[in-house]
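Analysis of the macromolecular model
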Amino acid sequence: VIDIHTHPVMIKELVDSDPMLDRNIHDVFGFFFPPQPLECFLLEMDEDGVDFAVMLPVDCTMAHGCKIVSNEQVAALVDQTSRLIGFASVDPNQADSPKQLERAINTLGLRGLKLDPSLQCFDPSSTEKAYPLYEACSSLDIPVMLHCGMSWTPSGLARFAQPALLEEAIQKFPSVNFILAHFGWPWVLEATMLAVKYPNVYLDTAILYSGTPKDALKHVLAEQVGLDVVERSLFNKILFGSNYPRIDMRRFVRGVRELGLSNGTEKAVLNDNAQRLLKLPRKP
Amino acid sequence: MKSIINRIEIQTVHETEMINITGKVNELVENSGVKNGTVFVLSLHTTTGITVNEGLLDLEIDITHMIQDLIPDEKPYRHSRFLTGKWR
């Protein structure tokens, strides 16, 4: 199992080493649980068979004067265990962000780009701010994950995170794989439309607005989208993502397993689609 | 009266589990040098409890199952939702 959507905001080793990070996680990211050792995170992964987790930072320097963990911090964390995969984040509001991304990928060994238009306060359809980054993703041959839909961050505006804003970029950069996070909730059908139509669009399962992970997954995938559509048109487009630590990763794995997907689709969602997208070696 | 306070950290592995801490408590008492007194064991974690019973594996499994039956994942708990802002 590969969890493509986790945030390193509850890792004690990281929080303890950066005096400002704790405040920023509270005030900017809107997360309030006390940190726990990295070992706890790895044990949670073990509990329901998660082999690898992608760690996502967010660089919101211009909007909030901070990074919700830096690329360097993610790289240092990833160095501690082979089970973590690091994405980079750069701030599209900074003119040299494509150069920063190039450095994060080529020097720090990070494997993708995370953007959060709500938290970073930028329009992901902006040819001036966003397109140079999509161009860089194309050159670097890395995927970009964009926060889509409602943001739980206190100041995050959903209007920057509407999936349809991305359609022209998706067309313009066919070699870039766009991962639309959170299934775009509440614009679920809009996100589904993009994933059904465009080969370079993926959706992650990190959906939770109320109820348990099982409730939310059932409501969106089974009732709103329909398991028939998932099986026929999205089987190779959905990536397992938990949004840890906002959501319990273990319960999210169980929620996917209890959806009633065919064995092939369940395996694709939990592992194979992300393995292919991230170019990870197959398990021996 | 002499008071000694010790704090130990225990790493849990599962969502519901019994962990026998008798050995750790005995060791702390021995190391304290106190020969006659009372030990109070308290948990700082909100969803942890301390119980005294025979240290039998079967009993521990039965208690774990009882807790899981008492508070199953499936019930529609009111607090199964996102809390917006601290403690709301």
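Rules behind the numbers
- Residues numbered from 1 in each chain as written.
- Chains lettered and ligands numbered in written order.
- Predicted model: local features only at pLDDT ≥ 70, side-chain atom pairs only at ≥ 80, totals over all residues.
- Heavy atoms only, no water.
- Helix = DSSP H or I, 4+ residues; strand = E, 2+ residues; numbered from the N terminus.
- Rg over C-alpha atoms; globule rule 2.2 N^0.38 Å.
- Buried < 20%, exposed > 50% of the residue type's maximum accessible area, 1.4 Å probe, protein only.
- Contact = heavy atoms within 4.5 Å.
- Buried area = accessible area lost by both parts, 1.4 Å probe.
- Salt bridge = Lys/Arg side-chain N within 4 Å of Asp/Glu carboxyl O.
- Polar contact = N/O pair within 3.5 Å; in protein donor to acceptor, adjacent residues only side chain to side chain.
- Expected span 1.5 Å × (residues − 1).
- Phe/Tyr/Trp six-rings, centres within 6.5 Å; stacked < 30°, edge-to-face > 60°.
- Pairing = 2+ DSSP bridges.
- Axes fitted to C-alpha atoms, helices over the stretch in contact; angles between N-to-C directions.
- Core = buried A, V, L, I, M, F, W, Y, C linked by side-chain atoms within 4.5 Å.
- Right-handed = clockwise from strand over helix to strand, strands pointing away.

1. A short note on the overall build of chain A
Of the regular secondary structure elements, chain A holds 13 helices and 10 strands. What you see for chain A is a C-alpha radius of gyration of 17 Å, in line with the 19 Å of a compact globule of 284 residues. With the C-alpha coordinates aligned to their principal axes, the bounding extent of chain A is approximately 45 × 40 × 40 Å. The burial tally for chain A puts 60% of its 284 residues in the buried class.

2. What about the interface of chain A and chain B?
Every contact between the two is made by 19 residues of chain A and, on the other side, 13 residues of chain B. Buried surface at the junction of chain A and chain B, both sides included, amounts to about 1,400 Å², of which 54% is carbon and sulfur. Where chain A meets chain B, there are four salt bridges. Note that B:Asp73 is salt-bridged to A:Arg251, the shortest N-O span being 3.7 Å. Across the contact surface, chain A and chain B share five residue pairs in polar contact (both at pLDDT 80 or more). Elements represented by at least two residues in the side of chain A that touches chain B include exactly α3 (38-47) and α12 (249-257) of chain A. By residue number, the principal contributor to the side of chain A that touches chain B is α3(A), which donates four residues.

3. Regarding helix α13 (residues 263-277) of chain A
Residues and elements named next belong to chain A. The end-to-end C-alpha distance of α13 is 20 Å, a good match for the 21 Å that 15 residues give at a rise of 1.5 Å each. With 11 of 15 residues buried, α13 lies mostly within the body of the structure. When we look at burial in α13, the residues that qualify are Thr265, Glu266, Ala268, Val269, Leu270, Asn271, Asp272, Asn273, Ala274, Gln275 and Leu277. For α13, the elements touching its buried residues are β1 (2-6), β8 (178-180), β9 (201-204), α11 (213-234), β10 (238-239) and α12. One or two steps after α13, the chain reaches Lys279, where phi turns positive at roughly 55 degrees.

4. Observations regarding the packing of aromatic side chains
All names here are of chain A. A full pass over the atoms with the stated rule returns eight aromatic pairs over all chains. Here the aromatic rings of Phe31 and Phe33 are separated by 5.7 Å at their centres, their planes lie at 45 degrees, and the arrangement is tilted. When the ring of Tyr131 is compared with that of Phe173, the centres are 5.3 Å apart and the planes differ by 80 degrees; the resulting orientation is edge-to-face. Linking Tyr131 in helix α8 (residues 131-140) with Phe173 in the loop between α9 (167-172) and β8, this pair joins segments that are 42 residues apart in sequence.

5. A closer look at the sheet that holds β9(A)
Residues and elements named next belong to chain A. The five strands are arranged β6-β7-β8-β9-β10 in an open sheet whose pairing can be described as parallel. The sheet is open, and its two borders are formed by β6 (113-115) and β10, each paired with just one other strand. As judged from the two bridges shared by β9 and β10, these two strands associate in the parallel manner. Bridge pairing links Asp204 to Leu239 in β10. Its contacts with the sheet place α8 against β6, β7 (144-146) and β8, and it is angled at close to 160 degrees to β6. Across the sheet, helix α10 (residues 188-197) lies against β8 and β9, angled at about 140 degrees from β9, the strand it touches most.

6. Re the pairing of β1(A)
Residues and elements named next belong to chain A. With five of five residues buried, β1 lies mostly within the body of the structure. Sheet topology places β1 next to strand β2 (residues 52-55); three bridges connect them, and they run parallel. Across the sheet, Thr6 pairs through a bridge with Met55, a residue of β2.

7. Observations concerning the nonpolar core
Residues and elements named next belong to chain A. Core analysis: the largest hydrophobic core is formed by 87 residues, its most contacted members being Phe41, Ile68, Leu101, Tyr134, Phe178 and Phe183. Among the elements that make up this core, the one with the highest residue count is α11 (seven residues). Excluding anything up to four places from it in sequence, Ile68 contacts Val9, Leu21, Asn24, Ile25, Val28, Phe29, Pro57, Val58, Cys60 and Leu119. Core analysis: the second largest hydrophobic core is formed by 15 residues, Val54, Met145, Tyr202 and Leu239 among them.

8. Structural notes on the pattern of salt bridges
Scanning the model with the defined rule gives 17 salt bridges over all chains in all. Of the charged contacts, one joins A:Lys267 and A:Asp272 as a salt bridge, the two residues approaching to 2.9 Å between their closest N and O atoms. Within this structure, A:Asp48, A:Arg251, A:Arg254, B:Glu15 and B:Asp73 form a network of salt bridges that share partners.

9. Observations concerning the sheet that holds β2(A)
All names here are of chain A. Ordered by their spatial adjacency, three strands build an open sheet running β1-β2-β5, and the pairing between neighbours is parallel. Each of the sheet's edge strands pairs with one partner strand only, and the pair in question is β1 and β5 (84-86). In this sheet, neighbouring strand axes are inclined to one another by 25 degrees on average, regardless of whether the strands run parallel or antiparallel. Contacting β1, β2 and β5, α3 crosses the sheet at an angle of about 130 degrees to β2. Contacts between helix α5 (residues 71-78) and the sheet are confined to β2 and β5, with β5 contributing the most and set at about 155 degrees to the helix.

10. Examining the pairing of β9(A)
In regular strands, side chains alternate between the two faces of the sheet. Residue and element names in this part refer to chain A. In β9, alternate side chains face the same way, and those of Val201 and Leu203 on one face and Tyr202 and Asp204 on the other are all buried. As judged from the three bridges shared by β8 and β9, these two strands associate in the parallel manner. Note that in β9 the partner of Leu180 across the bridge is Leu203. Taken together, β8, α10 and β9 form a β-α-β motif whose crossover is right-handed. Once you follow β9 into α11 and on to β10, the crossover reads as right-handed.

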